[in-house]
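# Understanding the architecture of this molecule
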Amino acid sequence: MYKRFTITALSCAALLLSGCAGFKGNQLKPVSAQDLRSTATVKTKVFSRWNLSSVPGGNAQTAAALAAINKTNFENALKASDCCIVVESPEAADLVVDGTAHTEDKSAALIPAVITGLSLFTIPSWITANVHISATAKNGGVTRSYDLQDSMTMVQWLPMLLVLPFADNPFKAEKEITENVFNTLVVKIKSDGLVK
């Protein structure tokens, strides 16, 4: 009895999870590891500050946590490029980056998602996750501004089973576009000569 229940539960979970497909917006060209990687022997000292364009739900703690995540994403891109050393103060830095993550309230998207789930994915729903950042980078007397964004649309609908071989895993796709946006920022900063 227990074995039959487990098999039924796993089958239902697989069916429900397989009705989800992601589609990248591809607004930014994917950055290759070779384009990101720096060959300079001298590393640039970088300090960055990140904030949000709006505070989600008016919660300052949530805003601080999200800003810290964006700072970490930027520093991970710097680490992957091997071009820089992250420092803890602007006075110790050669390059100072002030970044803003533009946030959107997605709470209304939960209602269609719940309806889709309750209908066993026969009623479709979708949501577009946008990754939008802007940053100002200053090295000495040179200042450059950047505005980058990309998106991923997640569709929940039973016929997505047929699309799965050609679609992206929506959770993995969102992570990939986020990484690519921050990698693109680092590549643009490098191409503008702000990093040695």
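Each remark here, short or long, concerns the structure printed above.
Just so you know, these numbers come straight off a predicted model, no measurement behind them.

### Details of the pattern of salt bridges
On inspection of all chains with the given rule, the structure shows seven salt bridges. Across the salt bridge formed by Lys 24 and Glu 176, the nearest N and O atoms sit 2.5 Å from each other. Linking Lys 24 in strand β1 (residues 20-24) with Glu 176 in helix α5 (residues 170-191), this pair joins segments that are 152 residues apart in sequence. Where Lys 71 meets Glu 75, a salt bridge forms, and the shortest distance between an N and an O atom there is 3.1 Å. Here Lys 71 and its partner Glu 75 are both found in helix α3 (residues 60-81), four residues apart, which amounts to about one turn of the helix. One network of salt bridges, with partners in common, ties together Lys 24, Lys 172 and Glu 176.

### Digging into the sheet that holds strand β6 (residues 142-156)
In spatial order, the strands read β1-β6-β5-β4-β2-β3; together these six strands make up an open sheet with mixed pairing. Here the strands that pair on one side only, and so sit at the sheet edges, are β1 and β3 (84-86). Across the sheet, the mean angle from the axis of one strand to that of its neighbour is 30°, orientation sign disregarded. In this sheet, β6 lies alongside strand β5 (residues 125-139) in antiparallel orientation, the contact comprising 15 bridges. From the neighbouring strand, Ile 133 faces β6, where its bridge partner is Leu 148. Against the sheet, α3 contacts β2 (44-52), β3 and β4 (95-101), and its axis sits at roughly 150° relative to β2. Strand contacts of α5: β1, β2, β4, β5 and β6, with the helix running at about 165° to β6, the strand carrying the most contacts.

About the thresholds
Residues numbered from 1 in each chain as written. Predicted model: local features only at pLDDT ≥ 70, side-chain atom pairs only at ≥ 80, totals over all residues. Heavy atoms only, no water. Salt bridge = Lys/Arg side-chain N within 4 Å of Asp/Glu carboxyl O. Helix = DSSP H or I, 4+ residues; strand = E, 2+ residues; numbered from the N terminus. Pairing = 2+ DSSP bridges. Axes fitted to C-alpha atoms, helices over the stretch in contact; angles between N-to-C directions. Contact = heavy atoms within 4.5 Å.

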